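Examination of the molecular architecture
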Amino acid sequence: MSATGGRLAGRTTVVTGAGQGVGEGIARRLAAEGANVVIAARRADTGEPVAEAIRSAGGSAICIETDVSSRASVQACVDQTVDRFGGLQIMVHNAFRGGIPHRLESADLDRHWKHMSRTGVWAVLFCGQAAWPHLRAAGAQGRFIILTSPSGVEGSANIPLYSPVKAAERAMAKSLAREWGPSGVTVNCIGPVAASPALVNAFDVNPALKDAIEARTPLGRVGDPEADIGSVALFLAGDDAAFVTGQTIICDGGSFLGL
Amino acid sequence: MGTGTGAGGGTIVIEGVGPLADVLRTADIAVGCPTTVVVADIVTAAMPFEQITDDEFDAAWEQPMQAAIAAFQRAHHAQHQRLIAIVPTIGMSGAPTLAHVAATAEAIRVMVKSAARQWGSDGMTVNCIALAPALFGIDTTAVGEVSLAPPALAGPGTVVGDVVPLIRMIAGADAHHLTGATLTADGGVWMTA
């Protein structure tokens, strides 16, 4: 890993929810290509070890405690990032809270909805608005990458309110791709299925779930946060994807084919 | 609860606010089984993304979504056999300066799929009709061109002439196996489902 070489050398990225799982995988992959990485984690006790691991491997990373459901917290994160590194070229919104199975007719949907709406859709607003002046300044290097889900396209039978939140993120990405395109900034989504801590825990509780997912996946396995999802994020973040915008890349081993 | 009854034998509830919902409430819609139509509460004001305030986003996203969720639940509690959501196509196409509106439209369209999956075993079908943004009062100059090809048909269509027949079809016995679908009726502008 090198902070001075690589495809993203000299560029700075904020990755929300990078204290674990897919966010951590993306952060590690972008750092390995030379980006200055801000680990925007809700808790420093998860984010700081990731930043330290990147630094130990020769990369450039800091952790900033960030609550993506708070406009002020996101703005403070971006401000500190720009103060520390002199700019922000790549904003990655991955953090999300919620996703517990529920019935759409249940009377207590509020507790499911509020976390998902706030950390999903509202956070896209906060992250996009805070990052926009810096992405615009970055021009053709400006990137806004949003982690959505295959469920945002096909609709979930088990977590019905998760799907509209993830669908809304895709619609915002398409809209922003069109709105920000003249500045050269691209806006894209990734829909991953990867071995996040939550999914690994679910496998521990229900080993049959892992077998079921692998059986329905043409590539026969669950994605790796860094090698599989991080690599797609790297492509979107780099110069090779300068003409790709408004798109959703479903990265799930071929499980969902209906985009 | 089974699906399908005799033609013209069902009640219909129109949920939602705005001119489109008002026209539907006064239209003569004979449906085959108990039906709820949820017209998305769509904010029409376009504005640059960076200028959207929390209050404006609350009005464009949070409140319409909570209203739609509540309307879906009322339809289920009423044991209606058909639930039809009506949204503008901008959720699928995206629209500059309308990200806050596109979010709501697409969220409701995909919530239809989730509801269809959960409530199919309860005897309810759930479908979506996607219409030209103009029918919601959205400024079409803000939406811009969404296809390299010109519209296949002229005009955005009309509520009574074009939307009501679709509702009648989905709410009829012939559509008992149609669920989770989006019927795009915008005159052939947006052709990618």
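You'll find the structure just up there.
Residues numbered from 1 in each chain as written. Chains lettered and ligands numbered in written order. Predicted model: local features only at pLDDT ≥ 70, side-chain atom pairs only at ≥ 80, totals over all residues. Heavy atoms only, no water.

1. Focus on the overall build of chain A
So the rule is basically this: Secondary structure counts use DSSP, requiring at least four H or I residues in a row for a helix and at least two E residues in a row for a strand, with both numbered from the N terminus. Each radius of gyration is computed over the set of C-alpha atoms, and the globule rule expresses the reference value as 2.2 Å times the number of residues to the power 0.38. Three labels apply to residues, based on accessible area from a 1.4 Å probe with only protein chains included: buried if under 20% of the type maximum, exposed if over 50%, partly exposed otherwise in between. Should any heavy atoms of two residues lie within 4.5 Å, those residues are considered in contact.
Along chain A, the regular secondary structure elements total nine helices and seven strands. For chain A, the C-alpha radius of gyration of 17 Å lies close to 18 Å, the compact-globule estimate for 259 residues. With respect to the three principal axes, the spread of C-alpha positions in chain A is 50 × 35 × 35 Å. Relative to its 259 residues, chain A shows a buried fraction of 58%. Pairs at least 24 apart in sequence give 71% of the contacts found in chain A among residues at least 6 apart.

2. Looking at the packing of aromatic side chains
Basically, it comes down to this: Planes of paired rings set the category: under 30 degrees apart is stacked, over 60 is edge-to-face and the rest tilted, where pairs are Phe, Tyr or Trp rings (Trp by its six-membered ring) whose centres lie within 6.5 Å. The criterion is that NZ of a Lys, or CZ of an Arg, lies within 6 Å of the ring centre and within 35 degrees of the ring normal, and then a charge sits over that ring.
Across all of its chains, the model carries seven aromatic pairs over all chains by this definition. On the numbers, 4.9 Å between centres and 75° between planes, the contact of W122 of chain A with F57 of chain B is edge-to-face. Of the two residues, W122 of chain A sits in helix α4 (residues 109–138) while F57 of chain B sits in helix α2 (residues 54–77), which places them in two different chains. You can call W122 of chain A buried: its relative accessible area is 4%. The side chain of R118 of chain A reaches across the aromatic face of W122 of chain A, ending 4.6 Å from its centre.

3. A word on the sheet that holds strand β7 (residues 248–251) of chain A
Residues and elements named next belong to chain A. The condition is simple: For two strands to be treated as a pair, DSSP must find no fewer than two bridges joining them. Every axis corresponds to a line fitted to the C-alpha atoms, with the helix fit spanning only the stretch in contact, and the corresponding angles, defined between N-to-C directions, vary from 0 to 180 degrees.
Across the sheet, which stays open at both edges, the seven strands sit in the order β3-β2-β1-β4-β5-β6-β7 with parallel pairing between neighbours. Each edge of the open sheet is held by one strand with a lone partner, namely β3 (60–65) and β7. If you compare each strand with its neighbour and ignore which way they point, the axes differ by 20° on average. Bridge count for strand β6 (residues 186–192) against β7 is four bridges, and the pairing is parallel.

4. As for the interface of chain A and chain B
Here is the rule we go by: Throughout, the accessible surface (probe 1.4 Å) given up by two parts as they are put together, summed over both, is called the buried area. Basic side-chain nitrogens of Lys or Arg form a salt bridge, by our definition, when they fall within 4 Å of a carboxyl oxygen of Asp or Glu. Within 3.5 Å is the distance limit for a polar contact, defined as a pair of N or O atoms, with the added protein rule that one can donate a hydrogen and the other accept it, and that residues adjacent in sequence qualify only through two side-chain atoms. Just so you know the grouping, Ala, Val, Leu, Ile, Met, Phe, Trp, Tyr, Cys and Pro go in nonpolar, Asp, Glu, Lys and Arg go in charged, and all remaining residues, Gly too, go in polar.
Taken together, the 40 residues of chain A in the interface contact 45 residues of chain B. Between chain A and chain B lies a buried interface of about 3300 Å² when both sides are counted; carbon and sulfur atoms form 58% of it. Looking at the side of chain A facing chain B, the largest losses of area belong to L104, W122 and R178 of chain A, adding up to 20% of the total buried there. Inspection of the region where chain A meets chain B yields two salt bridges. We note a salt bridge from R71 of chain A to D54 of chain B, for which the minimum N-O separation is 2.7 Å. Linking chain A to chain B there are 28 residue pairs in polar contact (both at pLDDT 80 or more). Every element with two or more residues in the side of chain A that touches chain B is listed here: α4, α5 (151–154) and α6 (162–180) of chain A. Here the side of chain A that touches chain B is composed, by residue class, of 20 nonpolar, twelve polar and eight charged.

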